[in-house]
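# An overview of the molecular structure
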Amino acid sequence: MPKDQGIGASPKRREDVRFLTGAGNYTDDINVNGQAYVHFLRADVAHATINSIDTSAAETMPGVVKVFTGADFAEVGGIPCGWGVTDRHGNPQQEPRHPIIADGTIRHVGEIVAAVVADTLEQARDAAEAIELDLSDKPAVVNMAAALAEDAAKVHEDLTSNLCYDWVFGNPDDDAVQAAFDSAAHVTTLELVNNRLVANPMEPRVAIGEYTRGTDEYTLHTTSQNPHVIRLLMCAFVLGLPEHKVRVIAPDVGGGFGSKIFHYAEEAFCTFAAKACGRAVKWTSTRAEAFISDAHGRDHVTKIELALDADNNFTALRTNTMANMGAYLSTFSTSVPSYLHGTLMAGNYKTPIVQVNVKTVFTNTVPVDAYRGAGRPEATFQLERVIDKAARELGADPIALRRQNFITEFPYETPVALTYDTGDYVATMDKLEEVADIAGFAARRAESEKNGKLRGFGVNCYIEACGIAPSNIVGMLGARAGLYDAATVRVNATGTISVFVGAHSHGQGHETSFPQVVADMIGIDESMVDIVHGDTGRVPFGMGTYGSRSIAVCGSAMVRATEKIISKAKKIAAHLMEASDADIELKDGQFTVAGTDKSVAWGDVTLTAYVPHNYPLEELEPGLEETAFYDPANFTYPSGAYACEVEVDPDTGKVTIERFAAADDFGNIINPMIVDGQVHGGLGQGIGQALLENAAYDEDGQLLSASFMDYAMPRADDVPFYQVDHTCQTPCTHNPLGVKGCGEAGAIGSPPAVVNAVIDALQSGGKSVTHIDMPLSPARVWAAMNG
Amino acid sequence: MYEFEFEKPSTVAEAVAALADEDAQALGGGQTLIPTLKQRLAMPSKLVSLTGIAQLKELSDNAGMLTIGGAVTHAEAAEAAAGPYPALADLASHIGDPAVRNRGTIGGSLANNDPAACYPAAALGSGATIVTSRREITADDYFRGLFETALEEGEIITAVRFPVPQKANYQKFEQPASRFALVGVFVAKYAAGVRVAVTGASEEGVFRWREAEAALDASFAPDALDGLSLDAGGMIGDLHGTKEYRAHLAAVVTRWAVAAAA
Ligand SMILES: Cc1cc2nc3c(=O)[nH]c(=O)nc-3n(C[C@H](O)[C@H](O)[C@H](O)COP(=O)(O)OP(=O)(O)OC[C@H]3O[C@@H](n4cnc5c(N)ncnc54)[C@H](O)[C@@H]3O)c2cc1C
């Protein structure tokens, strides 16, 4: 019988009760006495000089508290970039100032030009319309290749060009790499686009800044995945505030997908304006604002080349990518196309030579940063697409070609700086072949053909580095932050437990899965354990949730803190039973003395800790509360193999996903149901990227898909019922739970499988199509078929 | 939104009077107008809600003529047409999502005349009559291009009269994001001839595809359309499909509609 509690069980998500019954507490649900509202006047042109801003009429409008422009922020810092990448010549990345409000130049549609704080939102909007802007339009820089041309207009006049950095990773020796290609038996080349996306979490961003004059303290409620990071960046780099005077609270957050990692101008604005106005200041993003102010994701243009020997062994891989940074460097923007992408280029394969070149480019578009998977989907997509293309060119079976080149011995040092600790790619591929029912494909294809449809099968593998990250390693690579995490386990006198965690749950189910671990370790009922997260005033300094790191990093801190609790509790139990603490065993919430029938219950020990009448006070402090900080020794390496089966309607080009199978290796698993859900969500987003989503700009820098009328989000009927399997488990070797993380896998592993399947379908119908850029909309597929 | 006055009259006469004010605007289900107001893209001085007018909610099915009141919602129309005019019911029941169908009205849809909307195809394809507070307008005279109609200032659609055909069908190929029609085709076979109305495709809005009608008059079967194609010239080309793609789709979707109707 499956367990109903503890590690490996699938209790229902306890937080869903409040989410599904309207009892959640999201930032917009919070209203502070006397709060005013801010409306941001946002640029509707992509690139212009601001000659003047006249706010005098706006200032006298009804209800207006204060009008802000860039000049009000001249004394504060810009929004910092959290990662400094060193280019191929040893120079630092070009790093422009990123102002809270545009300071003389507009650099993207959606940039804040002025802000009006008023008693009501409508009054603020009315007043914003009375602001007079005198602009001189400048040519918009949108296309990356054009942006890198000699004579291109510059997004930032004070930089030397629109190039942020030109970075090389893996084998830096161009001649050696070229030699490997020259001696190859076969070279497959593919040029592709990794389409730009808008994360679109269900809850748009919201911020409420408060200032208490009596104590000189600030509180910022914000929709963040990492409140401590926001506090640090905002205090130390932007506003120059003492951290201990600032509390950042991220209450229930309705999805982030990366877009809520970053420190945004609106957060700093509301905090700053609260003091300037003597009022709390609230901002709630509209969906329209979200499209032009939330950091976008992906947007890479790549050429990838794969060299193979006469036996189809991969001998070398070379990639050249242009990655869009947008107009400014968002918090983790520069790490995504470099270290989160280049380090993954070896994939699941023992290719001996890998060279990755990335040029990051400034354009007059919304800043681009991490989106679910962040760099790893871009790496996986190009690698798994070029392998598929190679298989077709060589007439090889795509699965056999992959199997032949799999890494099979661990630990494995890749040519791109990572050491994979464990994995079993053969096992996940075996599992995939079973789950996807490859044997039945031919019959299914015949059935589709009878109905006039083309059917295709596509597979891919993925490897990701998550559990981000060992601080010393990322520090060497340019991270300007540590990436440990922290947990405090506070046991109450009656034995119930609050765990204060640095991770933040915005859909991941931490409130269910984290208590499963602690309850399991002690042997008490899960209902006795709660987690507290999302409040710098309550939780220890943790780094938040992204990069599939929560259970692997923060969960490890929680295990360490719980181990300290158990160790101390054993000492108390030993004292109560007059035994040596070395002889104490804890099982099912009972402390026993080995080899005797003596026992005391968990609750007796916890009560004793807080009512220390009979207590070894000279040796042991009273109380039962422990904190641990955990910094991982390595990344974790979830991996897997995915298969997609599509039907294509040759008349319209419409692709429907008929089957999708995922075989993942996430190491040990705390709550299989939650893991299924994480994979389902990731697959939905991956399928969204592959078939539907596209943030498209026109040549003037206007976002064409700036609402749900034109930006196609995946809906329930766009995705199939998934077959998800995660029974292949090679536990992580370096964290106490043996876990690897599962949050991004689905989004990383699915786009290539979809595209590979569509190409397979088209080729089965006699079309010589070798590639279509995502999203594979009906129009694009039809055009490719009829091109 | 900007501030506006709000009236909810109970007769057409009162509504017409209320709409006489400068910058007053009729409000149907608000599914198009309210989002426009929220974005501050319109600034009416007054909104005159039509949903409280009993006459505009009337439905009748008489001697092959289905009449739908101007303020009847898509959901109500779908229910009313299910027996007498299943193709129309099917169209109405696939507009937007349940929230849109429970509020959006036929009058609002036809007054708005979005080039990708469904009802214009049904009205033109059925040779319907648009009954207004002032006159009756045949569908052939009513649609005048993108968001343009024969309606004058303050004129209200009070009802739409649909002659019920022998056979009919509507097929839409959805735009992936909005799920409006990327191309939608309404085909109806009457004793007097076949009508084919195409929405979503043209820069001129909904239009009749006369060559297809003539071919289907001769033989009401998909094969009759063999070799027929639309000129890509006047088609819409955008993010979701080129002109050529829309022209191609119109022919494909017409075949689907004929196959389903025949
Ligand atoms: C999410 C979404 C999806 C949609 N999908 C589709 C779809 O797939 N297919 C489709 O066809 N439509 C679709 N629509 C549009 C929908 O059908 C609207 O209901 C319709 O376009 C407008 O009708 P309404 O009653 O809401 O009009 P309103 O928004 O109230 O008004 C629209 C315009 O019509 C005028 N008006 C309203 N009633 C009358 C009247 N009786 N006489 C004269 N003028 C009048 C108003 O003054 C205004 O100018 C969708 C809408 C949404 C929000």
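Quick caveat: nothing in here was measured; it's all calculated off a predicted structure. (Residues numbered from 1 in each chain as written. Chains lettered and ligands numbered in written order. Predicted model: local features only at pLDDT ≥ 70, side-chain atom pairs only at ≥ 80, totals over all residues. Heavy atoms only, no water.)

### Considering the overall build of chain B
The helix and strand inventory of chain B stands at ten helices and twelve strands. By the compact-globule yardstick of 18 Å for 262 residues, chain B fits well, its C-alpha radius of gyration being 18 Å. Expressed along its principal axes, the backbone C-alpha trace of chain B runs to roughly 55 × 45 × 30 Å. In chain B, which comprises 262 residues, the proportion classed as buried is 54%. Sequence separation of at least 24 residues holds for 58% of the intrachain contacts in chain B that already meet a minimum separation of 6. For chain B, the computed accessible surface area is about 10900 Å², with 49% contributed by carbon and sulfur atoms. Separation between the mean location of the 21 positive side-chain charges and that of the 32 negative ones in chain B comes to 4 Å. (Helix = DSSP H or I, 4+ residues; strand = E, 2+ residues; numbered from the N terminus. Rg over C-alpha atoms; globule rule 2.2 N^0.38 Å. Buried < 20%, exposed > 50% of the residue type's maximum accessible area, 1.4 Å probe, protein only. Contact = heavy atoms within 4.5 Å. Areas by Shrake-Rupley, 256 points an atom, 1.4 Å probe, with all protein chains shown as cover. Lys, Arg positive; Asp, Glu negative; His and termini not counted. Charge placed at Lys NZ, Arg CZ, Asp CG, Glu CD.)

### Here's the deal with the pairing of strand β12 (residues 246-249) of chain A
Residue and element names in this part refer to chain A. Bridge count for strand β11 (residues 217-222) against β12 is four bridges, and the pairing is parallel. Looking at the pairing, threonine 219 lines up with arginine 247 of β12. One crossover worth recording links β11 to the parallel β12 by way of helix α6 (residues 227-239), and it is right-handed. (Pairing = 2+ DSSP bridges. Right-handed = clockwise from strand over helix to strand, strands pointing away.)

### Remarks on the sheet that holds strand β20 (residues 454-463) of chain A
Residue and element names in this part refer to chain A. Read across the open sheet, the four strands follow the order β20-β28-β29-β30; overall the sheet is mixed. Strands with a single pairing partner mark the edges of an open sheet, and in this sheet they are β20 and β30 (722-725). When strand polarity is set aside, the average angle formed by the axes of neighbouring strands in this sheet is 10°. Relative to strand β29 (residues 655-665), strand β28 (residues 639-648) runs antiparallel, the two being bridged by ten bridges. Bridge pairing in β29 links serine 639 to aspartate 665. (Axes fitted to C-alpha atoms, helices over the stretch in contact; angles between N-to-C directions.)

### Here we look at the site of the ligand
Residues and elements named next belong to chain B. In the region of the ligand, 28 residues are neighbours, and Ala26, Gly29, Gly30, Thr105 and Cys118 sit closest. Between the ligand and the protein, one listed contact pairs an oxygen atom with a side-chain N or O atom of histidine 74 at 2.8 Å. One of the side-chain N or O atoms of threonine 105 is found 2.6 Å from an oxygen atom in the ligand. Considered on its own, the ligand offers 960 Å² of accessible surface; in the complex 89% of this is hidden by protein. Counting residues per element, the shell around the ligand draws most heavily on helix α6 (residues 106-112), which supplies four residues. Considering only residue class, the shell around the ligand consists of twelve nonpolar, 13 polar and three charged. (Near = heavy atom within 4 Å. Polar contact = N/O pair within 3.5 Å; in protein donor to acceptor, adjacent residues only side chain to side chain. Nonpolar A, V, L, I, M, F, W, Y, C, P; charged D, E, K, R; others polar.)

### A closer look at the UniProt feature "domain: FAD-binding PCMH-type" (unreviewed entry) in chain B
This chain's UniProt record puts "domain: FAD-binding PCMH-type" (unreviewed entry) on residues 1-167 of chain B. With 32% helix and 21% strand, residues 1-167 of chain B has its two end C-alpha atoms placed 45 Å apart. (UniProt positions renumbered as here; feature names shortened; annotations may be inferred.)

### Observations concerning the domain arrangement of chain A
Residues and elements named next belong to chain A. With domains assigned, chain A is organised as domain 1 (15-22 + 484-630), domain 2 (31-138 + 202-255 + 260-293) and domain 3 (296-469 + 634-785). Each of domain 2 and domain 3 has a C-alpha centre, and the two are 36 Å apart. Between domain 2 and domain 3, the contact holds 30 residues from the first and 30 residues from the second. Between domain 2 and domain 3, a total of about 2400 Å² is buried, with carbon and sulfur atoms accounting for 66% of that surface. Of all residues in domain 2, Trp83, Phe262 and Phe291 give up the largest surface area on contact with domain 3, accounting jointly for 29% of the area buried on that side. (Domains from an automatic or database assignment. Buried area = accessible area lost by both parts, 1.4 Å probe.)

### Brief notes about the interface of chain B and chain A
Counting from both sides, the interface comprises 21 residues of chain B and, opposite them, 23 residues of chain A. Contact between chain B and chain A buries roughly 1800 Å² in total, counting both sides, with carbon and sulfur atoms accounting for 55%. Of all residues in chain B, the largest losses of buried area upon contact with chain A belong to Arg40, Arg179 and Leu239 of chain B, amounting jointly to 32% of the total for that side. There are five salt bridges connecting chain B and chain A. For glutamate 122 of chain A, the salt bridge is made with arginine 40 of chain B, and the minimal N-O distance between the two is 2.7 Å. On inspection of chain B and its partner chain A, the count reaches 15 residue pairs in polar contact (both at pLDDT 80 or more). By residue number, the principal contributor to the side of chain B that touches chain A is helix α10 (residues 243-261) of chain B, which donates six residues. In terms of residue class, the side of chain B that touches chain A is made up of eleven nonpolar, six polar and four charged. (Salt bridge = Lys/Arg side-chain N within 4 Å of Asp/Glu carboxyl O.)

### Focus on helix α10 (residues 398-405) of chain A
All names here are of chain A. Of the positions making up α10, those classed as buried are Pro398, Ile399, Leu401, Arg402 and Asn405. For α10, the buried positions fall inside an angular range of 165° around the axis, keeping them on one side. Among the structural elements, β15 (300-308), β16 (314-326), α9 (376-394), α11 (425-435), β20 and α18 (745-764) are those in contact with the buried residues of α10. (Arc of directions from axis to C-beta.)

### With respect to the pattern of salt bridges
Residues and elements named next belong to chain A. Counted under the stated rule, the structure contains 61 salt bridges over all chains. Arginine 403 is the partner of glutamate 433 in a salt bridge, and the nearest nitrogen-oxygen pair spans 2.9 Å. Of this pair, glutamate 433 sits in helix α11 while arginine 403 sits in helix α10, and the two are 30 residues apart along the sequence. A residue is classified by how much of its surface remains accessible, and glutamate 433, at 29% relative accessible area, is partly exposed.

### Re the nonpolar core
Soluble, globular proteins show a tendency: their nonpolar side chains are buried together. Residue and element names in this part refer to chain A. By size, the foremost hydrophobic cluster in this structure holds 125 residues, and its most contacted members are Tyr420, Tyr642, Val646, Val648, Phe660 and Leu762. Looking at this core element by element, the count peaks at ten residues for α18. Contacts of leucine 762, omitting those with residues within four sequence positions, involve Leu454, Val648, Lys767, Val769, Ile772, Val781 and Met785. Listed in part, the 46 residues of the second largest apolar core include Ala569, Leu586, Ile670 and Leu737. (Core = buried A, V, L, I, M, F, W, Y, C linked by side-chain atoms within 4.5 Å.)

### Regarding the sheet that holds β11 of chain A
Residues and elements named next belong to chain A. Read from one edge of the open sheet, seven strands run β3-β5-β1-β13-β10-β11-β12, paired in mixed fashion. Pairing within the sheet leaves two strands with one partner each, and these edge strands are β3 (64-69) and β12. Adjacent strand axes in the sheet meet at a mean angle of 20° when their direction is disregarded. For strand β1 (residues 36-42) and strand β13 (residues 281-284), the ladder comprises two bridges, and the chain directions are parallel. Within β13, the position partnered with tyrosine 37 by the bridge is lysine 282. Across the face of the sheet, helix α3 (residues 121-129) comes into contact with β1, β3 and β5 (112-118) while running at roughly 30° to β1.

### Comments concerning the UniProt feature "domain: Aldehyde oxidase/xanthine dehydrogenase a/b hammerhead" (unreviewed entry) in chain A
UniProt annotation of "domain: Aldehyde oxidase/xanthine dehydrogenase a/b hammerhead" (unreviewed entry) refers to residues 21-139 of chain A when read in the numbering used here. Taken end to end, residues 21-139 of chain A comprises 11% helix and 29% strand; its first and last C-alpha atoms sit 50 Å apart.

### What to know about the packing of α10 of chain A against α11 of chain A
Residues and elements named next belong to chain A. At a closest axis distance of 10 Å, the pairing of α10 and α11 adopts a crossing angle of 160°. Classed by the angle they form, the pair α10 and α11 counts as roughly antiparallel. For the pair α10 and α11, the sense of crossing is left-handed. Taken together, the residues of α11 that come into contact with α10 (itself represented by Ile399, Arg402 and Arg403) are Val426, Met429, Asp430 and Glu433. Within the contact of α10 with α11, the residues separate by chemical class into three nonpolar, no polar and four charged. (Parallel < 35°, antiparallel > 145°, perpendicular 65-115°, else oblique. Left-handed = near helix turned anticlockwise from the far one by under 90°.)

### Topic: the packing of helix α14 (residues 510-522) of chain A against helix α15 (residues 550-576) of chain A
All names here are of chain A. Where α14 contacts α15, the axes come no closer than 10 Å and their chain directions differ by 35°. Between α14 and α15 lies a crossing of right-handed hand. Taking contact as the criterion, the partners of His510, Phe514, Val517, Val518, Met521 and Ile522 in α14 are, on α15, Ser550, Ile551, Cys554, Gly555, Met558, Val559, Thr562, Glu563 and Ile566. Among the residues forming the contact of α14 with α15, the class breakdown is ten nonpolar, four polar and one charged.

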